Amino acid sequence: MLILAWDTATPSLKLALVEWTDLRSFKTLALYDGDGLASHGQTLAPLVQEVLTQNTLTPKELDLLAVGLGPGSFTGLRVGLALAKGLSFALKIPALGFSTLAVLAAGMESGY
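Chains are numbered independently. Their residues run from 1 in the order of the written sequence. Two thresholds apply to this predicted model, a pLDDT of at least 70 for residue-level local features and 80 or more for giving and counting side-chain atom pairs, whereas whole-chain, interface and lining totals are computed over all residues. Side-chain numbers here rest on the full set of heavy atoms in the structure, without hydrogens or water.

1. Looking at the pattern of salt bridges
In step 1: The salt bridge definition used is simple: a Lys or Arg side-chain nitrogen within 4 Å of an Asp or Glu carboxyl oxygen. Considering all chains together, one arrives at 1 salt bridge under this definition.
In step 2: For Lys14, the salt bridge is made with Asp33, and the minimal N-O distance between the two is 2.4 Å. You can see Lys14 sitting in strand 2 (residues 14-22) and its partner Asp33 sitting in strand 3 (residues 25-33), a full 19 residues away along the chain.
In step 3: Type-normalised accessible area, obtained with a 1.4 Å probe on protein chains alone, sets the label of each residue: buried when under 20%, exposed when over 50%, and partly exposed for intermediate values. Here Asp33 falls in the exposed class, since its relative accessible area comes to 54%. The secondary structure listing takes helices from DSSP runs of H or I that are at least 4 residues long and strands from runs of E that are at least 2 residues long, numbered from the N terminus.

2. Re the sheet that holds strand 3
In step 1: Reading across the sheet, the 5 strands line up as 3-2-1-4-5 and stay open at both edges, with mixed pairing between neighbours. Of all strands in the sheet, those bounded by a partner on one side alone are strand 3 and strand 5 (95-98). Looking at each pair of strands side by side, their axes are set apart by 20 degrees on average, direction ignored.
In step 2: The rule for pairing is simple: two strands pair if DSSP sees at least two bridges between them. Direction of pairing for strand 4 (residues 64-68) relative to strand 5: parallel, over a ladder of 4 bridges. Pairing of Ala66 across the sheet is with Leu96, part of strand 5.
In step 3: Should any heavy atoms of two residues lie within 4.5 Å, those residues are considered in contact. Structural elements are reduced to axes, namely lines fitted to C-alpha atoms, with helices fitted over the stretch in contact, and the angle between N-to-C directions of any two is expressed from 0 to 180 degrees. Together, strand 1 (2-7), strand 2 and strand 3 form the strand contacts of helix 1 (residues 40-54), whose direction differs from that of strand 2 by roughly 40 degrees.
In step 4: Here helix 2 (residues 74-91) sits on the sheet in contact with strand 1, strand 4 and strand 5, set at roughly 165 degrees to strand 4.

This is the structure:
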């Protein structure tokens, strides 16, 4: 299963392309951690195309989209969700939302 995930809730755009084989095994094909210098509206769609091209994939080969739901910037969220909704509809694949805050918290070590 090919999953394309991104989060636009924060100034630093995050994007990952992963191949998930089972509950305990996945391979990261691409990982992007933006610097926040360009707006998500200018960056996200071209970045999706670039990541797919670099991995010799087409959008039709994706199985699932995952997108951050915030909390965060209204405009950033709107950009990320609009692209997820558009791709999901056009490709006839599911788009799932995830909590940006929960993902950030899961990445922290205990004691912070």
